[in-house]
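Residue-level structural notes
Spelled out, the chains give:
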Amino acid sequence: DAGVIQSPRHEVTEMGQEVTLRCKPISGHNSLFWYRQTMMRGLELLIYFNNNVPIDDSGMPEDRFSAKMPNASFSTLKIQPSEPRDSAVYFCASSAGTEPIYEQYFGPGTRLTVT
Amino acid sequence: AQKVTQAQTEISVVEKEDVTLDCVYETRDTTYYLFWYKQPPSGELVFLIRRNSFDEQNEISGRYSWNFQKSTSSFNFTITASQVVDSAVYFCALSEAQIGTASKLTFGTGTRLQVTL
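Bear in mind the structure is a predicted one, so any value in this text is a computation, not a measurement.

Some remarks on the overall build of chain B
Helices and strands together make up the secondary structure of chain B, namely 0 helices and 12 strands. Listed by position from the N terminus, the elements making up chain B come as β-β-β-β-β-β-β-β-β-β-β-β. Taken against the 2.2 N^0.38 rule, which gives 13 Å for 117 residues, the C-alpha radius of gyration of chain B at 14 Å falls within 12% of a compact globule. Along the first, second and third principal axes, the C-alpha set of chain B runs to 45 × 25 × 25 Å. Across the 117 residues that make up chain B, the buried fraction comes to 47%. Taking as baseline every contact in chain B between residues at least 6 positions apart, the subset at least 24 positions apart corresponds to 56%.

So, the interface of chain A and chain B
At the junction of the two partners, chain A supplies 22 residues and chain B supplies 19 residues. Each partner contributes to the roughly 1,800 Å² buried at the junction of chain A and chain B, and carbon and sulfur atoms together form 54% of this total. Along the contact surface separating chain A from chain B lie 2 salt bridges. Here Arg50(B) and Glu103(A) are joined by a salt bridge, their closest N and O atoms 2.5 Å apart.

Some words on the packing of aromatic side chains
Scanning the model with the defined rule gives 20 aromatic pairs over all chains in all. Ring centres of Trp36(B) and Phe77(B) lie 5.3 Å apart, and the angle between their planes is 50°; on these two criteria the pair is classed as tilted. Placement of the pair is Trp36(B) in strand β5 (residues 32-39) and Phe77(B) in strand β9 (residues 74-79), with a sequence separation of 41 residues. Considered together, Trp36(B) and Phe77(B) belong to a single accessibility category, that of buried residues. Ring plane angle 65° and centroid distance 5.5 Å describe the contact between Phe77(B) and Tyr90(B), whose orientation is recorded as edge-to-face. Within this pair, whereas Phe77(B) is found in strand β9, its partner Tyr90(B) is found in strand β10 (residues 88-96), the two being separated by 13 residues in sequence. Across the pair, exposure class does not vary: Phe77(B) and Tyr90(B) are buried alike. Put simply, the rings of Phe33(A), Tyr35(A), Tyr48(A), Phe91(A), Tyr105(A), Phe106(A), Phe35(B), Tyr37(B), Phe47(B), Phe91(B) and Phe107(B) touch in pairs and so form one group of aromatic residues.

Quick look at the state of the cysteines
Applying the stated rule across the entire model yields 2 disulfides over all chains. Put simply, Cys23(A) and Cys92(A) are joined by a disulfide, and their sulfur atoms are 1.8 Å apart. Judged by the sign of its S-S torsion, about -65°, the cystine formed by Cys23(A) and Cys92(A) is left-handed. Of this pair, Cys23(A) sits in strand β3 (residues 19-24) while Cys92(A) sits in strand β9 (residues 88-95), and the two are 69 residues apart along the sequence. With relative accessibility at 0%, the residue Cys92(A) sits in the buried group. Linked covalently through their sulfurs, Cys23(B) and Cys92(B) form a disulfide whose S-S length is 2.0 Å. Its S-S torsion of about -65° marks the bond between Cys23(B) and Cys92(B) as left-handed, since a negative value means left-handed. A residue pair is termed long-range when its members are at least 10 positions apart, and Cys23(B) in the loop between β3 (19-21) and β4 (24-26) and Cys92(B) in strand β10 qualify at 69 residues.

As for the side chain of Asp86(B)
The topology assignment puts Asp86(B) in the loop between β9 and β10. Assessed through its relative accessible area of 1%, Asp86(B) is described here as buried.

Quick word on unusual backbone geometry
In this structure, Pro8(A) follows Ser7(A) across a cis peptide bond, with omega equal to -10°. Along the polypeptide, Pro8(A) turns up in the loop between β1 (5-7) and β2 (10-13). In this chain, Gln80(A) is followed by Pro81(A) through a cis amide linkage whose omega measures -10°. Inspection of the secondary structure assignment puts Pro81(A) in the loop between β8 (74-79) and β9. For Asn52(A), which is not glycine, the phi torsion reads 75° and is therefore positive. Its place among the elements puts Asn52(A) in the loop between β5 (42-50) and β6 (53-56). In this structure Asn52(A) comes out as partly exposed when scored by relative accessible area, which is 30%. Positive phi, close to 50°, is recorded for Ser73(B), a residue that is not glycine. Along the chain, the position of Ser73(B) falls in the loop between β8 (64-69) and β9. With relative accessibility at 23%, the residue Ser73(B) sits in the partly exposed group.

How each quantity is defined
Residues numbered from 1 in each chain as written. Chains lettered and ligands numbered in written order. Predicted model: local features only at pLDDT ≥ 70, side-chain atom pairs only at ≥ 80, totals over all residues. Heavy atoms only, no water. Helix = DSSP H or I, 4+ residues; strand = E, 2+ residues; numbered from the N terminus. Rg over C-alpha atoms; globule rule 2.2 N^0.38 Å. Buried < 20%, exposed > 50% of the residue type's maximum accessible area, 1.4 Å probe, protein only. Contact = heavy atoms within 4.5 Å. Buried area = accessible area lost by both parts, 1.4 Å probe. Salt bridge = Lys/Arg side-chain N within 4 Å of Asp/Glu carboxyl O. Phe/Tyr/Trp six-rings, centres within 6.5 Å; stacked < 30°, edge-to-face > 60°. Disulfide = S-S within 2.5 Å.

Keep in mind that these numbers describe shape and distance, not what the molecule does.
So this is what it looks like as C-alpha cells:
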C-alpha cells in the first residue's frame, strides 16, 4: 500500500518566490496534518484538517503561509513570499482517526531551502 | 497546554548494551495518547508505538519495551541489546483524545541515539 506521498522531495528557491508543497494522504484516512521541523524549534504542527476542514491553524507562522485541502486525497501548503527563515523540512501526515488507529503516518518530507 | 520533555539530548552506547530513553509529559486532559517515533538518518518519521492514557500495561515488542507510569507522567522507551541500526533520533509525542478523529501531536525535542560497534 502506498504511504503518504509528498512532492517535491527537495525544493530550492530564492527569497520572495512562491513555494507550493503537495501531499497525498493514505487512502481512507480522514485527518491530515502539516508539520515543520527545524533545528531551532524541532517538530511543530502548522495546521491540520479533519474531513477536509481546517481544524487548527494556530501553528501557521503568518499570513505568508496558507494551506488547502480541496478533497480527501490532496492538500497543499503554500508560502508566498518565501523567506530564508522558512527553510526547514515540511512533513505531511495522515491518520484514520478511528480506534484503534489514531497513529499518524508521515510522508518522507519536503526539504525546503530558501536562499 | 501540553508539553513533552525529553531531557536526554544525545546518548551513545556500544552495541549490545541496553538503553532507556526518557519521556516526561504534561497535560490537563484525563484521556490522551502517547507515542514514540523514530527518525533514522534518512529523515523519515517512523511510528513505533501508541499508548492510551487508561492503559498502563507495559508493552514489549522484540527488543523494544515501553514503561508507562501515569503517576510520574512518564513514558520511557528501552531498547535491549542495542544494534547499530537503532542509531536514530527518537521522539516522544502526546495528543489529546478526541472521539472519532485524530488530534495534533505535541513532540518532545528528541533524543539522538548513537550505537557504535
